[in-house]
Amino acid sequence: MPLLDRRRRGSFAVPVLVAAGLTLTLGAFFQMRVANREAERTQHERQFAQFHDALTERIGSHTLLLRTLRSAFSDSRPADRDGFAAAVRPIMPLYPGLWSVAWVSRVSSAEVPALEAAMRAAGRRDFTVRDADETGGASPGTAPAASHGDLFVNTLVEPERGGAFGQGINILSLPNRAEVLARACASGDLTATEALPPRQRGEAGHSIGLYLPVYRYPVDEMDGADRCAEVVGYVASVFGIARLLEEAGNRVDGLHGAVHLLDGPAGDGGRILASRDLDALSASREGVPFSDIRKDGDTVIERDLLIGGRRWTLALAIPPEPGLAPVDYPAWIVLVMGLLLTGALAGYTRREAQAKRLLVTEARARAAMARALRESEERFRMALRHSRVAVFSLDRNLRYMWMYNPQTGRAAETFIGRTNAGIHAPDDAARLDAVKRAVLDTGIGARQEVRIGAAPGPEQVFDLIVEPLRDETGAVSGVICAAIDISDGVRIREALAEAHAEAERANRAKSRFLAAASHDLRQPFQAMSLFHHILSARLSDGKQMEVADKLGEAIAAGNTLLNTLLDTSALEAGNVKPRPTVFPFQDIADRLNREFAEQAASKGMVLRMVPTSAYVLSDPVLLERMVRNLLVNALRYAGTGTILLGCRHRDGHALVEVWDTGPGIPADQLKLIFDDFYRCGTDQRDSGRGLGLGLSIVRRTAQILGHQVDVRSRVGKGTVFSIAVLMLGDRHHPLPEEPTTSAASA
């Protein structure tokens, strides 16, 4: 009986063990499979949340861009076309999904003609305020509908061509824009439009427009209606939804399925605005209800997406996993291992083998790390050995703890334990210690150029870099330094500076010589002019008189050249001292009108002078010389037509202007005409039209007087030169009793 019982127990033990093994194996299989599926779903939800956060961050960057641009239009002098372009163009490449940025200006119906004229004068000749067509684009020649309210017009757009906005379009004529602008101005915050369909060739998918109001005054204490009354315009942008989904998908790894942006909840008939298939390329699904593309068994994860006060739905559709999916591989492995019923010895042996392999792998990894560290150290030493850099560290007492200096003949051990006072001269040691002590006290690294007297050799210059060393508590325990020998570069720099200074001294000496010799140089020409006059009076033969006239023209040309060169040298040498005073500009205008009227008439031209009542602060002699040179320049180069001399008031200045209807100056030469001996176009070969020094003298004289000289020109239309002079009143307003006597005496 006992033997039979033992056999029975043995016979029952095997089935029990097999049943227990099968139960545990199958239970572990199904539990692991469910756990892996749940872990995968959790991973998808976490990655989808990262995708949502990345998309929200990209949209937030667009919002931040508009808030930054709003400050440019909140100023009393808002940004102009060039300022807007300079602010937007450099940052647009940073926003691949951004199609366009615009400034929407609020104008009344009565201000439309003035706005169009101003925009065309600023260079946009085809600018016209107009309504949008049915597709949201601009219809050429379509004037805005008659309205007693204000219009909101795109006046600044980047990019100017091919953007989602059109210049001159009345935003209120676009679908739903009136409601969007009303919500934006009432809330004072960013407001988004509905999804906008593609309007231009090359635009991929739907887009969203953002509008941010800009107020004339602070409106924090106002209600919605009062806020809207203070709106001066909107900073707006349009960005592509599909591109934002692509950018967000590129920042999230491991996410599977297809991401869709819907205009409503996925289960309530929401339509697809943009899609991003994260696994493979797919056909466009835009405008299709989400329920039409959803397949049975798909796992759908939804998250709300808020853009400018509107709520959208971001949906992730994950296709069902097959029966033998990679996520189930661990469970199947456990099932197979359990069914094999490897015994305890096999399992123990297997675990021991795995442990041994891990130890071998770890040993190999440590050996590889040690080898990599040795190679890195050798590369570091090689780099320092062939460079002019010394690396060292010091403790809080500024004693050398470690030194590597392959460029010096002194052993590194001679530095260890010593301070700079025991190595360098007292002055040099004090300079070095001052830099390092500052880093010890503040904990902030420093970089400074220091000079070390290396007796008996030449002085050495180092670029000293000092960084703090910290202990495990974060306290500064010393400094680590790098000293780069830049002695050769500094000597070259100083030699170049000395050479430049020597050249400047020679140039000033030349100018002073010409200015000092002006009387001696002018005297021979005065004598030749006198002798020419006497000779001409004694000649009666026609041919001889013709030769004498040519001689007179040559003397006059040489005298003019000499006077111009001497005037230029006097300005360069600083011998001309302005004597500013307050006087009516009309006095100068009258004299110049009398002087040049007959000269203009002799050339078939008309000189017109517009009377002015302005009183200006300047040196009357130098200012008259500047205007005279501008008139001479106009007579020489205009050829035919009209020359206008006038003065008008602008921003506290009197703008003295000389207009002509000559051939004009190309845009690429406007800055060159003020250089010495420069003449535009074919005038370079015509010595009868001056030497190109008149405008150079105007520039130098303006610098002495502190006046601003500008030039505008259109080829084939004419040129206008202007001089901005400080205006202190006019004949209709009394002047101060003692106007700027100190400035005049100076």
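Rules behind the numbers
Residues numbered from 1 in each chain as written. Predicted model: local features only at pLDDT ≥ 70, side-chain atom pairs only at ≥ 80, totals over all residues. Heavy atoms only, no water. Helix = DSSP H or I, 4+ residues; strand = E, 2+ residues; numbered from the N terminus. Buried < 20%, exposed > 50% of the residue type's maximum accessible area, 1.4 Å probe, protein only. Contact = heavy atoms within 4.5 Å. Areas by Shrake-Rupley, 256 points an atom, 1.4 Å probe, with all protein chains shown as cover. Salt bridge = Lys/Arg side-chain N within 4 Å of Asp/Glu carboxyl O. Pairing = 2+ DSSP bridges. Disulfide = S-S within 2.5 Å. Axes fitted to C-alpha atoms, helices over the stretch in contact; angles between N-to-C directions.

### Remarks on the overall build of the protein chain
- Tallying secondary structure elements over the protein chain gives 17 helices and 21 strands in all.
- The buried share among the 746 residues of the protein chain stands at 38%.
- Intrachain contacts of the protein chain at a sequence separation of at least 6 include 63% that bridge at least 24 residues.
- Entry remark: accessible area of the protein chain is about 42,300 Å², with carbon and sulfur atoms responsible for 56%.

### Topic: the pattern of salt bridges
- Following the criterion strictly, the structure yields 19 salt bridges and no others.
- The residue Arg493 makes a salt bridge to Glu449 at a minimum N-O spacing of 3.2 Å. Residue Arg493 is found in helix H11 (residues 487–516), and its partner Glu449 is found in strand E12 (residues 446–452); the two are separated by 44 residues along the sequence.
- One salt-bridge network, held together by shared partners, links Glu179, Arg183, Glu194 and Arg310.

### Observations regarding the pairing of strand E5 (residues 231–240)
- Counted residue by residue, E5 has 9 buried out of 10 residues, so it is predominantly covered.
- Bridge count for strand E4 (residues 207–215) against E5 is 9 bridges, and the pairing is antiparallel. From the neighbouring strand, Leu210 faces E5, where its bridge partner is Ser237.

### A few points about the state of the cysteines
- Scanning all chains against the criterion turns up 1 disulfide.
- Here Cys185 is linked by a disulfide to Cys228, with a sulfur-sulfur distance of 1.9 Å. Between Cys185 and Cys228 the sulfur-sulfur dihedral comes to about 75°; the bridge is accordingly right-handed. Residue Cys185 is located in helix H4 (residues 177–187), and its partner Cys228 is located in helix H5 (residues 224–229); the two are separated by 43 residues in the primary sequence.
- Owing to a relative accessible area of 4%, Cys185 belongs among the buried residues under this scheme.

### Considering the sheet that holds strand E14 (residues 476–485)
- With respect to topology, 5 strands assemble into an open sheet ordered E11-E10-E14-E13-E12, the strand pairing being antiparallel. Looking at the sheet topology across the chains shown, the edges are occupied by strand E11 (400–404) and E12. On average, each strand axis in the sheet is inclined to that of its neighbour by 25°, with strand direction left out of account.
- Note that strand E10 (residues 389–395) and E14 share 7 bridges and pair antiparallel. Paired with Val391 across the strands is Ala482, a residue of E14.
- Of the strands in this sheet, E10, E11, E12, strand E13 (460–470) and E14 are in contact with helix H10 (residues 426–442), which crosses E13 at around 30°.

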